[in-house]
Every structure is written in structure tokens, then in C-alpha cells.
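One-letter residues, chain by chain:
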Amino acid sequence: MTPITSGSCLCGTVKFQISGDFEGFFLCHCKRCRKDTGSAHAANLFSSTATVDWLSGIDSIQTYRLPETRHQKSFCIKCGSALPSVQSEGSLLVVPAGSIDGVIDTPPSAHICFASRAAWYEGLEDIPKLDGLPG
């Protein structure tokens, strides 16, 4: 049976289903991924065999490709949430982990481009962890 994974954007305009397995789950620390996520790293699932079916909001999806690179990002034009994109001339599906609505049952495979990580990334495991907002 083919696994089905559901996801959506923050505002709920775009909804999708992924049919198939993911071959990798990577946390990318390259400068481009840090810029387009505004965070320490991107967290993306990768598949060369899975397909995406857009259930709603297809007209609200925009894709930006950084010229002269293979870096691209799809997002909802209403809320800005990162969305799946088909890359490498159709041979690779890249799915932002945060766009998945359910539990991802596999841990990340690796940190990639780790030498490019943000200087402030060091020691994050030692800072306080809160279950909610700071008081």
C-alpha cells in the first residue's frame, strides 16, 4: 500500500497529499536555506518517486528559483508558508517538513552543509527549553 502524507499552508488555502515514500530527510544549513527559512536550517523531505496532488489552492502557489542555481522554493502567496516543489527537471520532490500536517515517523537523516551553519547555532542544546511562550 502506498503511503499518503497530507499537508497544508498556515492559512489553510493550499492543501496537498503526497503519495509515496521519502528517501531522505535533511536539515540543510547552507546560507540559501537559512535565508529562505529565516532560521538555523531548512528541514526538507526528499523523494525521487513520490508524487504531489494539490487538493486546494493551486492558484495561490508561487515558486521562486534563485537564478543560476538549483535552489528554489514554493510558497503560499497568501501566508508565505513553504510548500512542496518538484525540482531537478521533475525528478525530485522536495517537501518542507513543517508543511506536513501529521506526524513524520522518521527522524532526520543528517545535517547537511553543516560547515555553513550560523555561528549562533553552536550550543543550542544547552539553552533553556520552554513548553510555551516566555512569561
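Residues numbered from 1 in each chain as written. Predicted model: local features only at pLDDT ≥ 70, side-chain atom pairs only at ≥ 80, totals over all residues. Heavy atoms only, no water.

All right, on to a nonpolar patch on the surface then. On the surface, Trp 120, Leu 124 and Ile 127 cluster together into a nonpolar patch covering about 300 Å² of accessible area. Mapping Ile 127 onto the fold places it in the segment after β11 (110-112). Residue class for Ile 127 comes out partly exposed when judged on its relative accessible area of 45%. (Patch = residues over 30% accessible without salt bridge, like charges linked within 9 Å, V, L, I, M, F, W, Y side chains within 5 Å. Areas by Shrake-Rupley, 256 points an atom, 1.4 Å probe, with all protein chains shown as cover. Salt bridge = Lys/Arg side-chain N within 4 Å of Asp/Glu carboxyl O. Helix = DSSP H or I, 4+ residues; strand = E, 2+ residues; numbered from the N terminus. Buried < 20%, exposed > 50% of the residue type's maximum accessible area, 1.4 Å probe, protein only.)

The next point concerns the packing of aromatic side chains. Enumeration according to the criterion identifies three aromatic pairs in this entry. Look at Phe 16 and Trp 54: their rings are 5.7 Å apart centre to centre, the planes differ by 65°, and that puts the pair in the edge-to-face class. Pair noted here: Phe 16 is in strand β2 (residues 15-19) and Trp 54 is in strand β5 (residues 51-56), with a separation of 38 residues, a long-range link. Since its relative accessible area comes to 27%, Trp 54 is described here as partly exposed. (Phe/Tyr/Trp six-rings, centres within 6.5 Å; stacked < 30°, edge-to-face > 60°.)

This paragraph deals with the side chain of Ser 8. Turning to its location among the elements, Ser 8 is positioned in strand β1 (residues 4-8). Note on Ser 8: relative accessible area 14%, which makes it buried. Side-chain polar atoms of Ser 8 contact the side chain of Asp 101, separated by 2.9 Å. Once residues lying within four places of it in the same chain are set aside, the contact partners of Ser 8 are Val 14, Lys 15, Phe 16, Leu 83, Ser 99 and Asp 101. (Polar contact = N/O pair within 3.5 Å; in protein donor to acceptor, adjacent residues only side chain to side chain. Contact = heavy atoms within 4.5 Å.)

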